[in-house]
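Coordinate inspection notes
For reference, the chains in residue letters:
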Amino acid sequence: MADANVESNALLAELEPTVRARFLPYFQRVDLRRADVIHSDGQMVEWVYFPLTGLVAVLTQTIAGESVQTGMIGCNGAVGVLEAFGSGRFRSRGEVQIPGTALRVGVGRYREMVHSSPALQAAVEQHLEMLVTEARQLMACNALHPIEGRLSRSILDALDRSCLDRVLPLTQEALAQMLGAQRTSVSGCIAKLQRRGLIRSSRGAIEVLDVARLEQVACDCRVSLALAKDEIWTTPDRQRSASG
Ligand SMILES: [Zn+2]
């Protein structure tokens with residue numbers, strides 16, 4: 001797979017050239033189509049997905065059948081990395097929210113690849129630490145921060161992780177699910193941000209017109225998580241140099 005563009009994914013970009021050449025034949029390029037379920041709740045993980053573009057929502061469902069988004073993974077990470085080394089079972093639903101493309105690799109090959117690549121192993125560990133940090137931060141965010149700031153942060157996060165340029169094919173319903181909020185509250189906030197010239201909402205899409213001003217409206221979880229990411233992605237290097 002010569003044109004795999006593995007560099008587009010933050011984890012695969014870390015692969016050493018020899019490991020990449022060895023495992024590339026086992027990668028499959030797949031389209032991520034809106035609403036495709038790539039991992040079902042409670043089922044065994046067969047593939048680990050590395051998005052190159054687009055966005056996968058992690059949705060957690062109650063026994064009563066209600067679901068709320070508890071994660072958002074795009075070119076910044078991969079879906080199934082944690083489960084592949086644990087029970088092997090995905091305990092939420094991985095559903096495509098923004099269409100794009102991904103590379104996927106069978107779970108057995110994935111484990112073999114991680115064991116062959118110290119750089120990928122470090123990147124996966126950093127990704128997992130970041131996922132846990134993000135889950136904790138967003139729990140606080142949901143309890144404490146007003147919806148306008150949360151919405152602005154979510155739009156910016158989705159823009160970063162989908163590797164798209166300005167236009168996000170996201171419906172207001174998807175944004176409401178992302179925030180665990182009523183659709184009417186989300187629509188009201190979108191109208192407000194649009195009047196201020198920060199975004200433009202059209203049928204099934206949000207266009208970001210002014211990233212800098214949207215950053216100012218976003219809740220400060222965006223800054224907290226950016227700082228955490230910087231620390232998490234640089235710490236292993238410091239540890240290696242200290243022990244070496
Ligand atoms: Zn927040």
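Look a little higher up for the structure.
Description of the structure in this document. (Residues numbered from 1 in each chain as written. Predicted model: local features only at pLDDT ≥ 70, side-chain atom pairs only at ≥ 80, totals over all residues. Heavy atoms only, no water.)

1. Description of the overall build of the chain
The helix and strand tally for the chain stands at nine helices and 10 strands. For the chain, the C-alpha radius of gyration of 18 Å lies close to 18 Å, the compact-globule estimate for 244 residues. Here the chain, with 244 residues, has 45% of them falling under the buried criterion. Considering only contacts within the chain whose residues lie at least 6 apart along the sequence, 74% involve residues at least 24 apart. For the chain, the accessible surface area stands at approximately 12200 Å², while carbon and sulfur atoms represent 51% of it. Distance between charge centroids for the chain: 4 Å, based on 27 positive and 27 negative side chains. (Helix = DSSP H or I, 4+ residues; strand = E, 2+ residues; numbered from the N terminus. Rg over C-alpha atoms; globule rule 2.2 N^0.38 Å. Buried < 20%, exposed > 50% of the residue type's maximum accessible area, 1.4 Å probe, protein only. Contact = heavy atoms within 4.5 Å. Areas by Shrake-Rupley, 256 points an atom, 1.4 Å probe, with all protein chains shown as cover. Lys, Arg positive; Asp, Glu negative; His and termini not counted. Charge placed at Lys NZ, Arg CZ, Asp CG, Glu CD.)

2. Re helix α7 (residues 183-195)
Helical geometry note: an α-helix holds 3.6 residues per turn, so side chains three or four residues apart project in the same direction. For α7, spanning 13 residues, the distance from its first C-alpha to its last is 18 Å, which sits close to the expected 18 Å at 1.5 Å a residue. Among the residues making up α7, those that are buried are Val186, Cys189, Ile190 and Leu193. Down the axis of α7, the smallest arc covering the buried residues is 100°, so these residues share one side. Across from the buried face of α7, at angles greater than 90 degrees, the exposed residues are Thr184 and Arg195. (Expected span 1.5 Å × (residues − 1). Arc of directions from axis to C-beta.)

3. Notes on the sheet that holds strand β1 (residues 28-32)
With antiparallel pairing, the three strands of this open sheet are ordered in space as β1-β7-β3. Every other strand in the sheet has two partners, leaving β1 and β3 (47-51) as the edge strands with one partner each. Strand-to-strand, the axes of this sheet are offset by a mean angle of 35°, without reference to chain direction. Of the pairings in the sheet, the one linking β3 to strand β7 (residues 100-106) comprises five bridges and is antiparallel in character. Looking across to β7, one finds that Pro51 is bridged to Ala102. On top of the sheet, helix α3 (residues 107-116) reaches β3 and β7; it is set at about 80° to β7, its chief contact. (Pairing = 2+ DSSP bridges. Axes fitted to C-alpha atoms, helices over the stretch in contact; angles between N-to-C directions.)

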